[in-house]
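Here is how the chains run, residue by residue.
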Amino acid sequence: MSQKPTEFNASNLQAWAKAAAKSAPGGDLNALNWMTPDGIRVKPLYTAEDTQYLPYANTLPGFEPFLRGPQATMYAVRPWTIRQYAGFSTAEESNAFYRKALAAGGQGVSVAFDLATHRGYDSDHPRVTGDVGKAGVAIDSVEDMKILFNEIPLDKVSVSMTMNGAVLPVLAGYVVAAEEQGVSQDKLSGTIQNDILKEFMVRNTYIYPPAPSMKIIGDIIGYTAQHMPKFNSISISGYHMQEAGANQALELAFTLADGQEYVKTAIASGLDVDAFAPRLSFFWAVGMNFYLEIAKMRAARLLWCRIMKGFDAQNPKSLMLRTHSQTSGWSLTEQDPYNNVVRTTIEAMAAVFGGTQSLHTNSFDEAIALPTEFSARIARNTQLIIQEETHITNVIDPWAGSYMMESLTQEMADKAWAIIEEVETMGGMTKAVDSGWAKLKIEAAAAEKQARIDSGKDVIVGVNKYKLAKEDPIDTLDIDNVRVRDGQIERLKHIKATRDSARVQAALDALTAAAESGQGNLLDLTIQAMRLRATVGEVSDALEKVFGRHRADTQKVTGVYAAAYDSASTEGDTMAYWNALKAEIAAFADQQGRRPRVMIAKLGQDGHDRGAKVVATAYADLGFDVDMGPLFQTPEECARQAIENDVHAVGVSTLAAGHKTLVPAIIAELKKQGADDIIVFVGGVIPRQDYALLYEQGVKGIYGPGTPIPVSAKDVLEQIKKALA
């Protein structure tokens, strides 16, 4: 005999609350609520009451406001595009990887460039000795681009390029390589990131100041709208914001505010909004906050439609937010790394449930090094299994109508919209970025997150809970930076010896003149220069003569780590350690007549400064005197600043695999300048097999991903004491 189900009503809800309170900590039902880092309260139970007043809960996919997806049938007809974001030192090795990936089920090419290319330097420039071929492929000219896409039909395969600073010569090189493959510009499909505002906030691979950088973006949008109708002229990226520490609401708000600023720029240049808006695309990070990531992507489409209607866009495609997504690199752990396969799978599912148009899944070993072929295959197969085995693709927006998800989507939209309105009161995102306000908001969120992890409130399996007693090493990919750089320099010499130098110089002079006058399209002129075999560095230099090279002010937040650590801590031993360390640092200051002084440095062209900023904040909150070196220092410049500031120690933060070149160089430079009493410690992405080499070179401490900051600070203090003894 079947029992009649209990129907929802106010009386039953009260009964549920009483029953739930019996098992809630302290009998307090509020203890079951979860307060997200974004300040959104997530309840343990949602009912029909939570959605009855929501205006968009019953909309359809493919129709305004596109909450449920930009296409009417979504994956039921065509699944998302599977991409593998990769660049392996040389164009030859990268080309081999792309061709294998396409043959194994990949459906597009996503190019990662090395940091020298990002920053507009040729491989023979003295400032990039340790950066060539690291964290991506080295591209100096069209000849490199031709090798990169050899035997990849560019009229059939879409290409995504993560490039912002040197966007003009890189996009131009791709266009010319396609032309010489026999593919006209109107046949090219794919995306160039071209999102410079985000670079000033987080990733820092900018070249020129904000104003001329926005001029470049306007020229690219205008040129591609006219000549490359299938190509996305910009990928407005929240990915790097979340990787730098932004919570989901900040990522959503700042990314849409960036997009709004780019639309204003294009309209101000004389373009009709519907002439370019259909080719704008977005790029989200998808981390381990499963529900919030899905809600973020649904809310993003809702808000973008609202923003574009404010520009009086008439074409429905101008109102659609289309996006690429990538699973989080920051959530990957060095410790117990096979857990990362599970993390990436969960994040990929969130991206799919959120309605992404293309997806890259990170490899499990990327917390340590560039992915191996073995790990990249697992990452790619993760997507193939979701597409081919689960039947998830048969249902459009399966979360639609969920009391919880519809409520969370609206709350996420409301939270982000409030931030967007705050940005608008400042005069728009360019001004919010230029003032440093947006960057500091992200850095504060990063420090707060790290404090919650270090104090144990946020669990990271295998890192601060359920840790292995012994870590087994895994195979990692190692790049011979010297070999790659030597090869690139030889190719550069050959290009310069065989081209018409007078014509190249005339094309570069035309670029400089256009930058000075504001007349002419900079992408059009760059394509002409690259056809003649101008190099990435030469094009960048031609523009730098007028625009200059941007140098950011170094700021750091204070008090955030300590406040979050104190409020987050639930373990008595953890707080005792923190307080004891603060007392020890204070005692050092009493004995030495000054506090322990450290300089946190970023060497080479690695602009990823989340770790450096968080460490600087936490060390300062503990009682250290902390100096922040500017980004992009050479070892010589870093040593000089350390000596002038009379520091006890230099901490090098490294995420781009330049440690084997740059860290020994700073130690040698300190010794050369008579300051080998200054100790050097290193933190960041460093494979275990490189530890011995660094210790042999004189490094006093190495703190890989997952090291609690107070533990590293305690060790640094002990090393300083030894050096003074």
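So, how was this worked out
Residues numbered from 1 in each chain as written. Predicted model: local features only at pLDDT ≥ 70, side-chain atom pairs only at ≥ 80, totals over all residues. Heavy atoms only, no water. Helix = DSSP H or I, 4+ residues; strand = E, 2+ residues; numbered from the N terminus. Rg over C-alpha atoms; globule rule 2.2 N^0.38 Å. Buried < 20%, exposed > 50% of the residue type's maximum accessible area, 1.4 Å probe, protein only. Contact = heavy atoms within 4.5 Å. Areas by Shrake-Rupley, 256 points an atom, 1.4 Å probe, with all protein chains shown as cover. Lys, Arg positive; Asp, Glu negative; His and termini not counted. Charge placed at Lys NZ, Arg CZ, Asp CG, Glu CD. Pairing = 2+ DSSP bridges. Right-handed = clockwise from strand over helix to strand, strands pointing away. Axes fitted to C-alpha atoms, helices over the stretch in contact; angles between N-to-C directions. Parallel < 35°, antiparallel > 145°, perpendicular 65-115°, else oblique. Left-handed = near helix turned anticlockwise from the far one by under 90°. 1 Å grid on protein atoms, 1.4 Å probe; cavity = no way out; pocket = protein on both sides within 12 Å on 5 of 7 lines; lining within 4 Å. Points joined across faces, edges and corners; volume = space filled by probe spheres on them. Nonpolar A, V, L, I, M, F, W, Y, C, P; charged D, E, K, R; others polar. Salt bridge = Lys/Arg side-chain N within 4 Å of Asp/Glu carboxyl O. pLDDT = per-residue confidence, 0-100. Phe/Tyr/Trp six-rings, centres within 6.5 Å; stacked < 30°, edge-to-face > 60°.

Trainee: What exactly am I supposed to notice about the overall build of the protein chain here?
Mentor: Looking only at helices and strands, one finds 28 helices and 16 strands in the protein chain. Against the compact-globule benchmark of 27 Å for 725 residues, the protein chain has a radius of gyration of 26 Å, which places it among compact chains. Taking the principal axes of its C-alpha atoms as reference, the protein chain extends roughly 90 × 70 × 50 Å. Counting all 725 residues of the protein chain, 58% fall into the buried class. Restricting the contact set of the protein chain to residue pairs at least 6 apart, pairs at least 24 apart contribute 79%. In the structure as shown, the protein chain presents an accessible area of about 28,400 Å², 52% of it carried by carbon and sulfur atoms. Across the protein chain, the mean location of the 71 positive side-chain charges is 2 Å away from that of the 87 negative side-chain charges.

Trainee: How should the pairing of strand β15 (residues 679-684) be read in this particular structure?
Mentor: A regular strand carries its side chains on alternate faces of the sheet. Of all 6 residues making up β15, 6 are buried, and the element is well covered by its neighbours. In β15, alternate side chains face the same way, and those of Ile679, Phe681 and Gly683 on one face and Val680, Val682 and Gly684 on the other are all buried. Bridge count for β15 against strand β16 (residues 701-703) is 3 bridges, and the pairing is parallel. When the bridges of β16 are listed, Gly683 appears paired with Tyr703. Note on the crossover from β15 through helix α27 (residues 691-697) to β16: the handedness is right-handed.

Trainee: How should I be thinking about the packing of helix α17 (residues 437-454) against helix α24 (residues 610-622) in this particular structure?
Mentor: Packed helix pairs are specified by the crossing angle of their axes together with the interaxial distance, meaning the distance between the axes. α24 packs onto α17 with a crossing angle of 70° between their chain directions and a minimal axis gap of 9 Å. Of the possible angle classes, the one that applies to α17 and α24 is roughly perpendicular. As α17 packs across α24, the resulting crossing turns out to be right-handed. Taken together, the residues of α24 that come into contact with α17 (itself represented by Lys439, Glu443, Ala446, Ala447, Lys449 and Gln450) are Arg610, Lys613, Val614 and Thr617.

Trainee: How should the layout of surface pockets be read in this particular structure?
Mentor: If you roll a probe as big as a water molecule over the atoms, it shows you where there is empty space left. Taken as a whole, the second largest pocket holds about 650 Å³ of empty space. Along its surface, the second largest pocket is lined by 33 residues, and Tyr206, His550, Arg551, Ala552 and Asp553 are the ones closest to its centre. Those elements giving two or more residues to the lining of the second largest pocket turn out to be α6 (196-203), α16 (429-434) and α17. Per-element tally for the lining of the second largest pocket: the top contributor is α17, with 3 residues. Looking at side-chain class alone, the lining of the second largest pocket contains 12 nonpolar, 9 polar and 12 charged residues.

Trainee: I would appreciate a short explanation of the pattern of salt bridges in the present structure.
Mentor: Close approach of charged atoms allows side chains of opposite charge to pair. One pass over the structure, following the stated rule, counts 45 salt bridges. Of the charged contacts, one joins Asp397 and Arg68 as a salt bridge, the two residues approaching to 3.2 Å between their closest N and O atoms. You can see Asp397 sitting in the loop between α14 (373-389) and α15 (403-425) and its partner Arg68 sitting in the loop between β2 (41-42) and β3 (81-86), a full 329 residues away along the chain. We note that Asp397, like Arg68, is buried. In this structure, Glu151 and Arg99 form a salt bridge, with 3.1 Å as the shortest nitrogen-oxygen distance. Taken together, the positions of Glu151 in the loop between α4 (142-148) and β5 (159-161) and Arg99 in helix α2 (residues 91-103) put the pair 52 residues apart, joining distant regions of the chain. When salt bridges with common partners are traced through the structure, they connect Arg68, Arg298, Asp397 and Glu406 into a single cluster.

Trainee: Please clarify how the confidence of the model for the protein chain should be interpreted in this entry.
Mentor: Low pLDDT marks regions whose predicted coordinates should not be analysed in detail. Mean pLDDT over the protein chain: 91, with 97% of residues reaching 70 or higher. Within the protein chain, helix α20 (residues 522-531) carries the highest mean pLDDT (98), whereas helix α22 (residues 560-568) carries the lowest (72).

Trainee: What am I meant to see in the packing of α6 against helix α9 (residues 248-268) here?
Mentor: Relative orientation of the contacting elements α6 and α9 amounts to 145°, with a least axis distance of 9 Å. On the side of α6, the interface is formed by Ile196, Leu197, Lys198 and Met201, while α9 contributes Phe254, Asp258, Glu261 and Tyr262. Grouping the amino acids of the contact of α6 with α9 by side-chain chemistry returns 5 nonpolar, no polar and 3 charged.

Trainee: Help me out: how do you make sense of the packing of aromatic side chains in this one?
Mentor: Each aromatic ring pair is described using two quantities: the centre-to-centre distance and the angle formed by the ring planes. As enumerated under the stated definition, the model contains 22 aromatic pairs in all. Pairing Phe290 with Tyr291 gives two aromatic rings, centres 6.0 Å apart and planes at 65°, and the pair type is edge-to-face. By relative accessible area, Phe290 is classed as partly exposed at 22%. Exposure remark for Tyr291: the relative accessible area of 38% places this residue in the partly exposed category. Look at Tyr561 and Trp578: their rings are 5.6 Å apart centre to centre, the planes differ by 35°, and that puts the pair in the tilted class. Of this pair, Tyr561 sits in helix α22 while Trp578 is found in helix α23 (residues 572-592), placing the two residues 17 residues apart along the sequence.

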